[in-house]
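Listed below are the residues making up each chain.
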Amino acid sequence: MAGAEPRSVKGSSWRRQLVAAASCAAAGLVVHAFSALLPAPVAMLGLGVGLLGAAFMLAWAADAGEAVFSGGLVLAVIAVVTVLPEFIIEIRFAFIQAAELVTANLTGATRLLLAGAATLPLVISLIARSQGLEIAPLRLAANRRLELGILLLTSIFAIQLAVRGNVSVFDSLILLGLYVAYARRVQGTHGEKPAVVGVGAGLLTLPPRYQRAGIVSMIVLAGIVVVIVANPFADALLATGASIGIDPYLLIQSVVPVATEAPEFVVVAVLVANHRPAQGLALFLASSVSQWTLGLGALPLAYLAGGGGVMMPLAPREQLELAFTIAMTLFVVAALCTLEPARVDALLVAGVFAAQLLYPTALVRLASAFVLLVFALDLLVARRRSLPPLLRAAWGRR
């Protein structure tokens, strides 16, 4: 992936964006230093701004890093970097044995990314229609069968976790092994340049001798900010929710992913604006793979390290949330397995996703999971000839 050409960057606009994000990250550190003196809602907003700024810096550095660095290990580290804010919060809840919250951010972030991937064709169509433009049908590169294959394997494996009601250290090894398989194979994909746009592209306009140092410095500094402010932000969010009577699980599941996944959505928007929607959709899929494998796989290990057993229990509510996320993953894989997304599939996902956001009850989640699972099975049977290439991409020989 090294040596990719960056997209054109206008003047110093990328520098201004970088300074703005760094200023937000610094503001988060200041708020953290005085958080004991601030009301929970004020601390939540200040820490959230800091987390958002750091998340943008991580996303931009990872974006440029894909083009500058090469090798499976480096790419695996970059993938971890892009989801570091979520991982910090998820692992902390597992470590402190907060079993009732441990899957909240994981399921919320994964569903948000999958909804973005599935509805992108519909969004592009609506934008083009509003501007009176004719656009070619969106088609994914054949390389994307890798992400789809890993998501298919992971979601099928996760079914028994939802039924069983726990996630063991053995399950962690399998999930992390799937990520290793993905990281080793993703470096061998050809035919696509890294999706470097915006600030990431601006970083590549620096003199070559400064590029690697600049990218690594951004990752380290932003990572330090995330480590410092992520968990205090989650605590302030829970305290704010408790003061106004909002369910803490729903807060972690809905609010935190909006902040931590914002950079991915901004990068995808820039890619769409640069007529590269297929790579935007690929970014959503790659981030979903990281959540399903690294995110879920790390939780039992953190639970064990915090004094729990080798099996991290899942409460009935978490079983339902995980089941809904599995159904959504299977439907997205089924919708995209032909590499030609259909708008009708996007409409279904958009409708179900909106319904469960507006009415976040157990009955609605159960009904949503059932609807998505039925349509997923129907599509998978109808498109069964598209499935072997996905499995070969994920697990077969290069």
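Residues numbered from 1 in each chain as written. Predicted model: local features only at pLDDT ≥ 70, side-chain atom pairs only at ≥ 80, totals over all residues. Heavy atoms only, no water.

K.L.:
What is the right way to look at the overall build of the protein in this model?
P.N.:
Regarding its fold elements, the protein presents 16 helices and two strands. Counting across all 398 residues of the protein, residues that qualify as buried make up 54%. The contacts of the protein with a sequence gap of at least 6 include a subset with a gap of at least 24, amounting to 85%. Accessible surface, the protein as shown: approximately 16,900 Å² in total, 69% of it carbon and sulfur. (Helix = DSSP H or I, 4+ residues; strand = E, 2+ residues; numbered from the N terminus. Buried < 20%, exposed > 50% of the residue type's maximum accessible area, 1.4 Å probe, protein only. Contact = heavy atoms within 4.5 Å. Areas by Shrake-Rupley, 256 points an atom, 1.4 Å probe, with all protein chains shown as cover.)

K.L.:
I tried to follow the environment of His32 on my own but got confused; where do I start?
P.N.:
Relative to the assigned elements, His32 resides in helix α1 (residues 13-33). With 201 residues separating them in the primary sequence, His32 and Phe233 have C-alpha atoms 8.8 Å apart. Beyond its immediate chain neighbours, meaning those up to four positions away, His32 contacts Leu47, Ile228, Val229 and Pro232.

K.L.:
For this particular structure, what's the right way to read the pattern of salt bridges?
P.N.:
Where side chains of opposite charge bring their charged atoms close, a pairing between them can arise. Throughout the structure, instances matching the rule amount to eight salt bridges. Its salt-bridge partner being Asp235, residue Arg92 comes within 2.8 Å of it at the nearest N-O pair. Here Arg92 is found in helix α4 (residues 84-95), whereas its partner Asp235 is found in helix α9 (residues 208-244), with 143 residues between them in sequence. The class for Asp235 is partly exposed, based on a relative accessible area of 35%. Among the ionic pairs, Arg365 bridges to Glu321, the shortest N-O distance being 2.6 Å. One end of the pair, Arg365, is in helix α15 (residues 362-382); the other, Glu321, is in helix α13 (residues 316-336), with 44 residues separating them in the sequence. (Salt bridge = Lys/Arg side-chain N within 4 Å of Asp/Glu carboxyl O.)

K.L.:
Mind showing me how you'd approach the packing of α9 against helix α10 (residues 248-260) here?
P.N.:
Pairs of packed helices are described in terms of their axes, by the angle between the two and the distance that separates them. At their nearest, the axes of α9 and α10 sit 10 Å apart, and the two run at 130 degrees to each other. Between α9 and α10, the angle is such that the two are oblique. Crossing of α9 over α10 shows right-handed handedness. On the side of α9, the interface is formed by Phe233, Ala234, Leu237, Leu238 and Gly241, while α10 contributes Pro248, Leu251, Ile252, Val255 and Val256. When its residues are assigned to classes, the contact of α9 with α10 shows nine nonpolar, one polar and no charged. (Axes fitted to C-alpha atoms, helices over the stretch in contact; angles between N-to-C directions. Parallel < 35°, antiparallel > 145°, perpendicular 65-115°, else oblique. Left-handed = near helix turned anticlockwise from the far one by under 90°. Nonpolar A, V, L, I, M, F, W, Y, C, P; charged D, E, K, R; others polar.)

K.L.:
Sorry if this is basic, but what is going on with the packing of aromatic side chains here?
P.N.:
Centre distance and the angle of the planes are the two values used to describe a pair of aromatic rings. All told, the structure shown has three aromatic pairs when counted by the stated rule. Ring geometry for Phe56 against Trp60: centres 5.5 Å apart, planes inclined by 45 degrees, an arrangement best described as tilted. Taken together, the positions of Phe56 and Trp60, both in helix α2 (residues 40-68) and four residues apart, correspond to about one turn of that helix. The interplanar angle of 50 degrees and the centroid separation of 6.0 Å between the aromatic rings of Tyr179 and Tyr182 together place this pair among those described as tilted. Taken together, the residues span about one helical turn, with Tyr179 and Tyr182 both in helix α7 (residues 169-186) at a distance of three residues. The pair formed by Tyr179 and Tyr182 is uniform in burial state, with each residue classed as buried. (Phe/Tyr/Trp six-rings, centres within 6.5 Å; stacked < 30°, edge-to-face > 60°.)

K.L.:
I tried to follow the nonpolar core on my own but got confused; where do I start?
P.N.:
General note: in soluble globular proteins, nonpolar side chains tend to be found buried as a group. Core analysis: the largest hydrophobic core is formed by 70 residues, its most contacted members being Tyr182, Leu281, Leu296 and Met312. If we skip the residues at most four places from it in the chain, Leu296 touches Leu106, Leu161, Val167, Leu175 and Gln291. (Core = buried A, V, L, I, M, F, W, Y, C linked by side-chain atoms within 4.5 Å.)

K.L.:
Looking at this structure, how should I read helix α16 (residues 387-395)?
P.N.:
At 3.6 residues per turn, the α-helix brings residues three or four places apart onto the same side. All of the buried residues along α16 are Leu387, Leu390, Ala393 and Ala394. For α16, the angular spread of buried residues about the axis comes to 125 degrees, placing them on one side. In α16, the exposed residues that point more than 90 degrees away from the buried face are Arg392 and Trp395. Those residues of α16 that are buried are in contact with α6 (145-164), α7, α13 and α15. (Arc of directions from axis to C-beta.)

K.L.:
I keep staring at the packing of α10 against helix α11 (residues 262-273) and nothing clicks. Help me out?
P.N.:
Put simply, α10 and α11 touch, their axes get as near as 4 Å, and they point 50 degrees apart. It follows that α10 is oblique to α11 by the angle criterion. Contacts between α10 and α11 involve Pro257, Val258, Ala259 and Thr260 from the first element and Ala262, Pro263 and Glu264 from the second. Of the residues contributing to the contact of α10 with α11, the split by class is five nonpolar, one polar and one charged.

K.L.:
What is the right way to look at the side chain of Glu321 in this model?
P.N.:
A relative accessible area of 3% means that Glu321 is categorised as buried. Within the structure, the side chain of Glu321 is placed 2.9 Å from the side chain of Arg111, a separation counted as a polar contact. Residue contacts for Glu321: discarding those within four places in its chain leaves Thr107, Arg111, Tyr249, Gln253 and Arg365. (Polar contact = N/O pair within 3.5 Å; in protein donor to acceptor, adjacent residues only side chain to side chain.)

K.L.:
Would you mind showing me how to read a nonpolar patch on the surface here?
P.N.:
Residues Leu29, Val216, Val220, Leu221, Ile224 and Ile228 make up a contiguous nonpolar surface patch of about 460 Å² in total accessible area. When residues in the nonpolar patch are grouped by element, the largest group, five residues, is from α9. The topology assignment puts Leu221 in helix α9. For Leu221, a relative accessible area of 53% translates into the label exposed. (Patch = residues over 30% accessible without salt bridge, like charges linked within 9 Å, V, L, I, M, F, W, Y side chains within 5 Å.)

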